[in-house]
Amino acid sequence: ADATSVECAAEWLQTKATRGRGAAGPPAAEAPAAEAPTAASLSEEVGLLLRDHRASCSATILTTVISGRQDWQRHRHIQPSFSYFREFYKSVLSIPGGRAHAIVLHDGLPPSITDQYAAPDGSFSFVKVNLSNFGPDLGVNDVRYMLFREQLAAHPEWDTVFMTDASDVTLRHNPCQLVADAPERVYIGSESSDLKHNPFMRERFKEMGGKYLVWFKSLPDGHVNLWNAGVIGGKRAKMLELTSRIVDVLNDPELAVRQEKKEVNVNMGALNWVILNFYAPGEVGSGEPMHTHYKKYQRMREDVYFIH
């Protein structure tokens, strides 16, 4: 790996994870999954609720429901049904003032769903996409970045944009308020796991091969943040830049998995490589109050913007 990449990873290693608004890196400690709310969390919850009602800004939330390509981890195609994104749907409509606008990019939801669940005020809508416009070797989670970038480029009027999973993410508050506090940042979900020693990520970088695998192996020992693709957001220009960088990696003809004529499922590796090579720690917001602790199933929390 080149010296700049190694120095960048070392800079991240030296940045300790902190709590608080827009903190860089995952939280240092993990909270119990079911815990009575503290006075501090109740105060944060009330503060966020009041910000929702006072908000003058809005956020666009992009997500995908893709049934035409098989889910490589579950080894099946998802059913194009409302149940797949029901909780996400309800959470978006709960934001006061209709200032959170969700758009589901889909390739096969029937009119019985899109007509019934589209909100008259535009707070929830559906856009049908044509996957044949993109590489047939891109897996279901990777092709969504092509869709996200396409939408971002087509809508310069958008201000704050988040891109999320549909099946396991719900919205608690209008995230435009979070981004307004530090608009120079990109906001990325994070996990408590260490990137270098995470088995899932090790396999993704093996599939990427080449310079990406060399870089991964050169990561310094110690905790290097593992970024999660389930919740990503920020100002539209920032998101267009970020998704373009991720797309460049996903389209790289030298990816080992592409050279082997296999399906490309490396979006998590691409995200981590891009963040750690193009962004300094102070340019990334993550952790509380942006999102809950990943896979701790903290569904009752109201003192964060996203549940994941």
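Preceding block: the structure.
Structural notes, computed from the coordinates. Keep in mind the model is a prediction, meaning the values are calculated, not measured. (Residues numbered from 1 in each chain as written. Predicted model: local features only at pLDDT ≥ 70, side-chain atom pairs only at ≥ 80, totals over all residues. Heavy atoms only, no water.)

### Here we look at the state of the cysteines
No. 1: Applying the stated rule across the entire model yields one disulfide.
No. 2: In this model cysteine 57 forms its disulfide with cysteine 176; the gap between the sulfur atoms is 2.0 Å. With the S-S bond torsion at 70°, the cross-link from cysteine 57 to cysteine 176 turns out right-handed. In this pair, cysteine 57 sits in the loop between α2 (39-54) and β1 (59-65) while cysteine 176 sits in helix α6 (residues 176-181), placing the two residues 119 residues apart along the sequence.
No. 3: Residue cysteine 57 is classed as buried on the basis of its relative accessible area of 19%.
No. 4: Residue classification places cysteine 176 among the buried residues on the basis of a relative accessible area of 2%. (Disulfide = S-S within 2.5 Å. Helix = DSSP H or I, 4+ residues; strand = E, 2+ residues; numbered from the N terminus. Buried < 20%, exposed > 50% of the residue type's maximum accessible area, 1.4 Å probe, protein only.)

### Details of unusual backbone geometry
No. 1: In this structure, the amide linkage connecting glutamate 288 to the following residue, proline 289, adopts the cis form with an omega of 5°.
No. 2: Relative to the helices and strands, proline 289 is located in the loop between β8 (284-285) and β9 (306-307).

### Points about the packing of helix α5 (residues 140-154) against helix α9 (residues 236-250)
The relative placement of two packed helices is expressed as an angle between their axes plus a distance between the axes.
No. 1: Closest axis-to-axis distance for the α5/α9 pair is 9 Å, and the angle between their directions is 145°. In the packing of α5 onto α9, the handedness of the crossing is left-handed. Of α9, the residues touching α5 (which contributes Asp142, Tyr145, Met146, Phe148, Arg149, Leu152 and Ala153) are Arg236, Met239, Leu240, Thr243, Ser244, Ile246, Val247 and Leu250.
No. 2: Broken down by class, the residue content of the contact of α5 with α9 amounts to ten nonpolar, two polar and three charged. (Axes fitted to C-alpha atoms, helices over the stretch in contact; angles between N-to-C directions. Left-handed = near helix turned anticlockwise from the far one by under 90°. Contact = heavy atoms within 4.5 Å. Nonpolar A, V, L, I, M, F, W, Y, C, P; charged D, E, K, R; others polar.)

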